[in-house]
Amino acid sequence: MCGRNSLYVHKKKLRERYNASFDNVYKKSYNIAPGNNQPTVTKNSPKTLQPMKWGFIPHFAETDDEKRKWRNRNLINARIETVEEENTFRKSFQERKCLIPSTGFYEWKDEGKPNKTPYHIKPSNRKVFSFAGFYNDDTFIILTKDSENKDMKQIHDRTPVILPKNREDQYLDNEMGRQGLEDLEASNIETKQVSKKV
């Protein structure tokens, strides 16, 4: 699971990393929560970092009441193992993939009730990286898979799907399906215990 992430990098560095410009105001953040806006990159607008809201609303939700209902469900993660089988996700996963730039994500290690210790986690030697996700209208969701890295397993059994930089275009071009994402090698990660105020 991924319930918080960070994007704390200067706008210039982000533009250079994705060779894209912003179409809105960008604010660095150590703590991006569901419901917040975050820059994304899509196949339709690969040269624009466009803000979308973290919390997916499916394509078949048309009325304001339907959209409100789905917003309240707080769909922030989709399991890669079942994403092609679920009607809620299938169409957008197949047709509307996106990159979600990040500088790290947070997970809480269960130390036995009521103690949970938060960690900030990121791939080693990568200042900015991309989660694999998909979107509908102005909302997005992050794909997750089973944790394979031994350090990650000690914190949580699920992890967001992190794309190697050289596979990002392939993902946006829809040349990577579920199996290709599942088969990505686990990244070496850095973990840092952080304040419980996260």
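These notes cover the structure that comes with them.

Basis of the calculations
- Residues numbered from 1 in each chain as written.
- Predicted model: local features only at pLDDT ≥ 70, side-chain atom pairs only at ≥ 80, totals over all residues.
- Heavy atoms only, no water.
- Helix = DSSP H or I, 4+ residues; strand = E, 2+ residues; numbered from the N terminus.
- Rg over C-alpha atoms; globule rule 2.2 N^0.38 Å.
- Buried < 20%, exposed > 50% of the residue type's maximum accessible area, 1.4 Å probe, protein only.
- Contact = heavy atoms within 4.5 Å.
- Areas by Shrake-Rupley, 256 points an atom, 1.4 Å probe, with all protein chains shown as cover.
- Lys, Arg positive; Asp, Glu negative; His and termini not counted.
- Charge placed at Lys NZ, Arg CZ, Asp CG, Glu CD.
- Arc of directions from axis to C-beta.
- 1 Å grid on protein atoms, 1.4 Å probe; cavity = no way out; pocket = protein on both sides within 12 Å on 5 of 7 lines; lining within 4 Å.
- Points joined across faces, edges and corners; volume = space filled by probe spheres on them.
- Nonpolar A, V, L, I, M, F, W, Y, C, P; charged D, E, K, R; others polar.
- Phe/Tyr/Trp six-rings, centres within 6.5 Å; stacked < 30°, edge-to-face > 60°.
- Lys NZ or Arg CZ within 6 Å of the ring centre and 35° of its normal.
- Salt bridge = Lys/Arg side-chain N within 4 Å of Asp/Glu carboxyl O.

1. Let's talk about the overall build of the protein
Alright, step 1. Helix and strand content of the protein: six helices and 14 strands.
Alright, step 2. The C-alpha radius of gyration of the protein comes to 16 Å, within 12% of the 16 Å expected for a compact globule of 198 residues.
Alright, step 3. Viewed in the frame of its principal axes, the protein has a C-alpha envelope of about 40 × 35 × 35 Å.
Alright, step 4. Taken over 198 residues, the protein has a buried fraction of 46%.
Alright, step 5. When contacts within the protein are restricted to residue pairs at least 6 apart in sequence, long-range pairs at least 24 apart make up 69% of them.
Alright, step 6. Accessible surface, the protein as shown: approximately 10,600 Å² in total, 41% of it carbon and sulfur.
Alright, step 7. When the 37 positive and 28 negative side-chain charges of the protein are each reduced to one mean point, those points stand 7 Å apart.

2. Focus: helix α1 (residues 11-18)
Alright, step 1. Turning to α1, its buried residues are Leu 14, Arg 17 and Tyr 18. Taken down its axis, α1 places every buried residue within 80° of arc, on the same side.
Alright, step 2. Backbone geometry just downstream of α1 places Asn 19 in the positive-phi region, at approximately 50°.

3. Digging into empty space enclosed by the protein
Alright, step 1. Throughout the structure, instances matching the rule amount to one cavity of 30 Å³ or more.
Alright, step 2. In this structure, the largest cavity encloses a volume near 190 Å³.
Alright, step 3. Together, 18 residues line the largest cavity, and Thr 159, Pro 160, Ile 162, Ala 186 and Ser 187 are the ones closest to its centre.
Alright, step 4. Contributing elements (two or more residues each) for the lining of the largest cavity: β11 (139-146) and β12 (158-160).
Alright, step 5. Among the residues forming the lining of the largest cavity, the class breakdown is 10 nonpolar, four polar and four charged.

4. Here we look at the packing of aromatic side chains
Alright, step 1. In total, this model carries 10 aromatic pairs according to the counting rule given.
Alright, step 2. Ring geometry for Phe 60 versus Trp 70: centroids 5.6 Å apart, planes at 75°, classification edge-to-face. Residue Phe 60 is found in the loop between β5 (48-54) and α2 (64-73), and its partner Trp 70 is found in helix α2; the two are separated by 10 residues along the sequence.
Alright, step 3. For the ring pair Phe 129 and Phe 131, a centre distance of 5.3 Å and an interplane angle of 85° mean the geometry is edge-to-face. Accessibility classification places Phe 129 together with Phe 131 in one group, the buried group.
Alright, step 4. Ring-pair connections join several aromatic residues into one group, and the members of that group are Phe 56, Phe 89, Phe 93 and Phe 134.
Alright, step 5. In this structure, Arg 17 packs its charged tip against the face of Tyr 18, placed 4.4 Å from the ring centre.
Alright, step 6. Looking at Lys 97, its charged tip hangs above the ring of Phe 93, at a distance of 4.2 Å from the centre.

5. What to know about the pattern of salt bridges
Alright, step 1. Taken as a whole, this structure holds 10 salt bridges when the rule is applied.
Alright, step 2. Linking Arg 178 and Glu 84 is a salt bridge whose minimum nitrogen-to-oxygen distance equals 3.7 Å. With Arg 178 in helix α6 (residues 178-182) and Glu 84 in the loop between β6 (77-79) and α3 (90-95), this residue pair connects regions lying 94 residues apart in the sequence.
Alright, step 3. A salt bridge links Glu 190 to Lys 122, with the nearest nitrogen and oxygen atoms 3.8 Å apart. With Glu 190 in strand β14 (residues 189-193) and Lys 122 in strand β9 (residues 116-123), this pair connects stretches of sequence that are 68 residues apart.
Alright, step 4. With a relative accessible area of 36%, Glu 190 lands in the partly exposed category.
Alright, step 5. If you follow the salt bridges from partner to partner, you end up with Glu 81, Asp 146 and Arg 158 in one network.

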